[in-house]
Amino acid sequence: MVVVQIEPDFRPMDRSGIASGTRAIASKLWKGRLPNRPPEELVRELYAEENNGKSEPSGSQDMIGLIYPGVNRLDYDFAANGGVFPTHIESLNNARVARWLGKVLHILPVEPRPPGYSPLGEKNLDPKWITRLGQSGNDCFEAIRRTDIKALGASLNLTMKCWETILPQVVRHPLIKVDLMALLKAYQQRYDGAMYSGCGGGYLMVVSNEAVPGAFKVNVRVA
């Protein structure tokens, strides 16, 4: 999985897949400033705070994306750390790469996931598709490292295909009123690639060297 620490130039929507809820909890927990402690320790502390008492805990990728600067590849192993925390994090903190990613990444608001929504109503946990999902994350990281826009777009498109196959209600659910798949395909056909920021929609992240009408921009924060 790949997470990127960003500085948005817009106020993020809640329930939109870009860790706004986790950010609010972190701000309250640490009074608006990250403590000067090892990042892996902060990730576990924030994870425990956010998921206290939850039957369906959120993933640690949100915490890592907020705490680790730059572009980070997270390698998870179900047999280690309960599958909850990565066994290894590879960080890319290259200013040139960060500027490139900020240039080609365009963020379009769609809508927050609706109240009562859950993506877990239907599960197709096929190991072959889960392997493809993991590969899409590795492809994404390498594409960013090489500043290869075609490969980056392809990795996002593959991620969405995996999401749709493994957890169909990520994009198709009775509570979702927008035709997320039709919207996604329209942008994938027009630009190099696109995927949603989270389950149920949120933002559409479009990869393109061209301007995308109506899109917001972000700066990628590096160490």
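Just so you know, these numbers come straight off a predicted model, no measurement behind them.

Colleague: Run through the sheet that holds strand β1 (residues 2-4), naming residues and quoting values.
Modeller: Spatially, β1-β3-β4 is the arrangement adopted by the 3 strands of the open sheet, whose pairing is antiparallel. With partners counted over all chains shown, the strands left at the sheet margins are β1 and β4 (88-92), one partner each. Between one strand axis and the next, the sheet turns through 25° on average, direction left out of account. Across 5 bridges, strand β3 (residues 71-75) lies against β4 in antiparallel orientation. Bridge pairing links Leu74 to Ile89 in β4.

Colleague: Give me the nonpolar core: which residues, what numbers.
Modeller: General note: in soluble globular proteins, nonpolar side chains tend to be found buried as a group. One finds Leu101, Ile144 and Leu152 to be the most contacted residues of the largest nonpolar core, which totals 45 residues. Only α4 (95-104), β5 (105-111), α5 (127-146), α6 (149-166), α7 (180-190), β6 (193-198), β7 (201-207) and β8 (218-220) provide two or more residues apiece to this core. Filtering out sequence-adjacent residues up to four positions away, Leu152 remains in contact with Trp100, Leu101, Val104, Cys140, Ala143, Ile144 and Val207. Residues Val3, Tyr47, Leu74 and Phe85 belong to the second largest nonpolar core, which totals 13 residues.

Colleague: I'd like a description of helix α1 (residues 20-29), backed by residues and values.
Modeller: All of the buried residues along α1 are Ser20, Thr22 and Ala26. The buried residues of α1 occupy an angular sector of 155° when projected down its axis, which confines them to one face. Considering only its buried residues, α1 is in contact with α2 (39-51) and α3 (61-67). Immediately downstream of α1, the backbone of Lys31 shows phi near 55°, a positive value.

Colleague: Before we move on, can you summarise the sheet that holds β6 with the specific residues and values?
Modeller: Strand order in the open sheet formed by 3 strands is β5-β7-β6, with antiparallel pairing between adjacent strands. Every other strand in the sheet has two partners, leaving β5 and β6 as the edge strands with one partner each. Within this sheet the neighbouring strands show an average axis-to-axis angle of 25°, counted without direction. Judged from the 6 bridges that link them, β5 and β7 form a sheet pairing that is antiparallel.

Colleague: Before we move on, could you go through the packing of aromatic side chains and cite the residues and values that matter?
Modeller: Taken as a whole and judged by the stated rule, the model has 4 aromatic pairs. Centre to centre, the rings of Phe10 and Tyr203 are 5.5 Å apart; their planes meet at 55°, and the pair counts as tilted. Highlighted residues: Phe10 in the loop between β2 (6-8) and α1 and Tyr203 in strand β7, separated in sequence by 193 residues. The exposure classification of Phe10 matches that of Tyr203, with both residues buried. Between the aromatic rings of Phe10 and Phe216, the centroid separation amounts to 4.4 Å while the plane-to-plane angle is 20°, which identifies the pairing as stacked. Here the residue Phe10 occupies a position in the loop between β2 and α1, and Phe216 occupies one in the loop between β7 and β8, the gap between them amounting to 206 residues.

Colleague: Describe unusual backbone geometry, listing the residues and the values that go with them.
Modeller: Trans is the prevailing form of peptide bonds, just as negative phi is the prevailing case for residues other than glycine. Backbone geometry at Ala19 places phi at a positive 65°, although glycine is not the residue there. The residue Ala19 is located in the loop between β2 and α1 in this model. Here Ala19 falls in the buried class, since its relative accessible area comes to 12%. Phi is positive for Lys31, which is not a glycine, with a value near 55°.

What counts, and at which threshold
Residues numbered from 1 in each chain as written. Predicted model: local features only at pLDDT ≥ 70, side-chain atom pairs only at ≥ 80, totals over all residues. Heavy atoms only, no water. Pairing = 2+ DSSP bridges. Helix = DSSP H or I, 4+ residues; strand = E, 2+ residues; numbered from the N terminus. Axes fitted to C-alpha atoms, helices over the stretch in contact; angles between N-to-C directions. Core = buried A, V, L, I, M, F, W, Y, C linked by side-chain atoms within 4.5 Å. Buried < 20%, exposed > 50% of the residue type's maximum accessible area, 1.4 Å probe, protein only. Contact = heavy atoms within 4.5 Å. Arc of directions from axis to C-beta. Phe/Tyr/Trp six-rings, centres within 6.5 Å; stacked < 30°, edge-to-face > 60°.

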